[in-house]
Amino acid sequence: MTMGTVVTEFQRSLDEIRRAGREQGVRQGREQGQVAVLVQLIARKFGQPTAEEAQKLIVGSPGRDRVAWVAAAILDCETPEDFLVRVRED
C-alpha cells in the first residue's frame, strides 16, 4: 500500500465517522424535540407534576415507538393516574 492510498483511506474513514456523528446528533435532537412537545402536551392535559414524572420515564428511551406510545396515552387516558400507569407499562 502506498502512502497516498493510506492517506486516502484514512480520509475516507474520517469522513464516515463525521457523517455518522452528524446523523446521530440530528436523531438525538429530533428525539429531544419530540419529548419536549410531549411534555408540554402532558402538562396541558394532566398538569405539571404529571408532566415532570412522565418526562423522567420518557427521557431514558425516547425512540419512535415510545413517542407514539406516549402520544396515544395522552389521547386515550382521562386521568393523570391512568396516564402514568399506561406510560409505565411500556
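Residues numbered from 1 in each chain as written. Predicted model: local features only at pLDDT ≥ 70, side-chain atom pairs only at ≥ 80, totals over all residues. Heavy atoms only, no water.

Q: In this structure, what is going on with the packing of aromatic side chains? I would like to understand it.
A: The geometry of an aromatic ring pair comes down to the distance between the two centres and the angle between the two planes. Inspection of every chain in the model, using the stated rule, returns 1 aromatic pair. Ring geometry for Phe46 and Phe83: centres 4.9 Å apart, planes at 25°, overall stacked. Separated by 37 residues along the polypeptide, Phe46 in helix H1 (residues 3–46) and Phe83 in helix H4 (residues 80–89) bring together distant segments of the chain. Residue classification places Phe46 among the buried positions, given a relative accessible area of 10%. Given a relative accessible area of 0%, Phe83 falls into the buried group. (Phe/Tyr/Trp six-rings, centres within 6.5 Å; stacked < 30°, edge-to-face > 60°. Helix = DSSP H or I, 4+ residues; strand = E, 2+ residues; numbered from the N terminus. Buried < 20%, exposed > 50% of the residue type's maximum accessible area, 1.4 Å probe, protein only.)

Q: Explain the nonpolar core here, please?
A: Taken as a class, soluble globular proteins show a tendency for nonpolar side chains to be buried jointly. The biggest cluster of nonpolar side chains holds 16 residues, and the ones touching the most others in it are Ile42, Ala54, Ile58, Val70, Ile74 and Phe83. Those elements that place two or more of their residues in this core are H1, helix H2 (48–59), helix H3 (64–76) and H4. Ranked by residue count, the leading element in this core is H1, at 5 residues. The residues touching Ala54, leaving out its near neighbours within four places in the chain, are Ile42, Phe83 and Leu84. (Core = buried A, V, L, I, M, F, W, Y, C linked by side-chain atoms within 4.5 Å. Contact = heavy atoms within 4.5 Å.)

Q: Got a minute to help me understand the environment of Phe83 in this structure?
A: The sequence separation of Phe83 and Ala73 amounts to 10 residues, and the corresponding C-alpha distance is 6.1 Å. Filtering out sequence-adjacent residues up to four positions away, Phe83 remains in contact with Ile42, Phe46, Thr50, Ala54, Val70, Ala73, Ile74 and Cys77.

Q: Please explain the packing of H3 against H4 as it appears in this structure.
A: Helix-helix packing is characterised by the crossing angle of the two axes and by the distance between the axes. In contact at an axis separation of 9 Å, H3 and H4 are set at 160° when each is read in the N-to-C sense. Judged on the interaxial angle alone, H4 and H3 are roughly antiparallel. Crossing of H3 against H4: the hand is right-handed. Note on element contacts: H4 touches H3 through Phe83, Arg86, Val87 and Glu89, opposite Arg66, Trp69, Val70, Ala72, Ala73, Ile74 and Asp76. The residue makeup of the contact of H3 with H4, split by class, is 7 nonpolar, no polar and 4 charged. (Axes fitted to C-alpha atoms, helices over the stretch in contact; angles between N-to-C directions. Parallel < 35°, antiparallel > 145°, perpendicular 65-115°, else oblique. Left-handed = near helix turned anticlockwise from the far one by under 90°. Nonpolar A, V, L, I, M, F, W, Y, C, P; charged D, E, K, R; others polar.)

Q: Please clarify how the pattern of salt bridges should be interpreted in this entry.
A: Two side chains carrying opposite charge are able to pair once their charged atoms lie near each other. As enumerated under the stated definition, the model contains 3 salt bridges in all. For Arg12, the salt bridge is made with Glu9, and the minimal N-O distance between the two is 2.8 Å. Here Arg12 pairs with Glu9, and both are found in helix H1, just 3 residues apart, close to one helical turn. Under the relative-accessibility criterion, Glu9 is labelled partly exposed at 35%. In this structure, Asp76 engages Arg86 in a salt bridge whose closest nitrogen and oxygen atoms are separated by 3.2 Å. With Asp76 in helix H3 and Arg86 in helix H4, this residue pair connects regions lying 10 residues apart in the sequence. (Salt bridge = Lys/Arg side-chain N within 4 Å of Asp/Glu carboxyl O.)

So yeah, pure geometry; function would need other evidence.
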